[in-house]
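Summary of the model geometry
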Amino acid sequence: MLLLPIIETIRLILRPIALADQHDVFDYASSPLVGPNAGWKPHVALQESIDFIQYCIKKRDFGQPGNYAIVLKDTKKMIGTIEVHTYKQHKGEIGFVLHPEYWGKGIMTEASKALIIYAFELLGLSRLTYGYFLFNDRSKRVCEKLEFTFEGILRKKFLNYDGHHLDEAIYSIIDDDYHSNSLSWLEQAKNEIIFHTE
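Residues numbered from 1 in each chain as written. Predicted model: local features only at pLDDT ≥ 70, side-chain atom pairs only at ≥ 80, totals over all residues. Heavy atoms only, no water.

**So, the environment of Leu 46**
This is how the line gets drawn: Starting at the N terminus, helices and strands are each numbered in turn, a helix being any DSSP run of H or I of at least four residues and a strand any DSSP run of E of at least two. By definition in these notes, contact holds between two residues if any of their heavy atoms fall within 4.5 Å.
Inspection of the secondary structure puts Leu 46 in helix H3 (residues 46-59). Each C-alpha atom of the pair Leu 46 and Val 25 lies 8.7 Å from the other, and the pair is 21 residues apart in sequence. What Leu 46 contacts, discounting residues up to four positions off in sequence, is Gln 22, His 23 and Phe 26.

As structure tokens, this is what we get:
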């Protein structure tokens, strides 16, 4: 099983998601502002959030790193998830979701920087991709702040829950970018996070 250490940033704790997070997950997953931006239908019952968490936990049985719960240090509230998904050998994709009450505060950028460092330093990836639907301007801004490199548009990449096909913009960071210090934010971010591996 892959290592999923607790990661501490300036404002956040990233820890493995747990069933105890079910009410916090439902709090944001039931919002119409959240799921449709990521291609899934808003949750209408708590059981859907429980099923999602169980699915996240089960991923680790199949060689995936698993989902981090994003937790605010000051309130201990769980406000979203972030993960390296579609992990295979040397590559993976970053994916995340955040409670809309916390949009526009730099939280997802902060969590993503920690996950990128985890991906290249602990998982040893050579390629990390980032995809977003073309209408998702917030996700695009996070991508730009993280300095991913644009690769192209995959047309009709995703079949949405409503039956429509969605185009997806694809970006990447590769190990050459990471280890050459071409990411302007990297050194400062390294100094601001702590990995707790025990």
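After that view of the structure, there is still more to cover.
**Some points on the pattern of salt bridges**
For clarity, the threshold we go by: A pairing counts as a salt bridge when a side-chain nitrogen of Lys or Arg comes within 4 Å of a carboxyl oxygen of Asp or Glu. Residue exposure (1.4 Å probe, protein chains only): buried if accessible area is under 20% of the type maximum, exposed if over 50%, otherwise partly exposed.
Within the structure shown, the criterion is met by 11 salt bridges. As a salt-bridge pair, Lys 77 and Asp 24 come within 3.1 Å of each other at their nearest N and O atoms. With Lys 77 in the loop between strand S3 (67-72) and strand S4 (78-88) and Asp 24 in helix H1 (residues 22-29), this pair connects stretches of sequence that are 53 residues apart. When its relative accessible area of 22% is taken as the criterion, Lys 77 is described as partly exposed. Across the salt bridge formed by Glu 151 and Arg 127, the nearest N and O atoms sit 2.8 Å from each other. Of this pair, Glu 151 sits in strand S7 (residues 149-159) while Arg 127 sits in strand S6 (residues 127-133); the two residues are 24 residues apart in sequence, bridging distant segments of the chain. Residue Arg 127 is classed as partly exposed on the basis of its relative accessible area, which comes to 25%. Overlapping salt bridges bring together Asp 24, Asp 27 and Lys 77 as one network.

Keep in mind that these numbers describe shape and distance, not what the molecule does.
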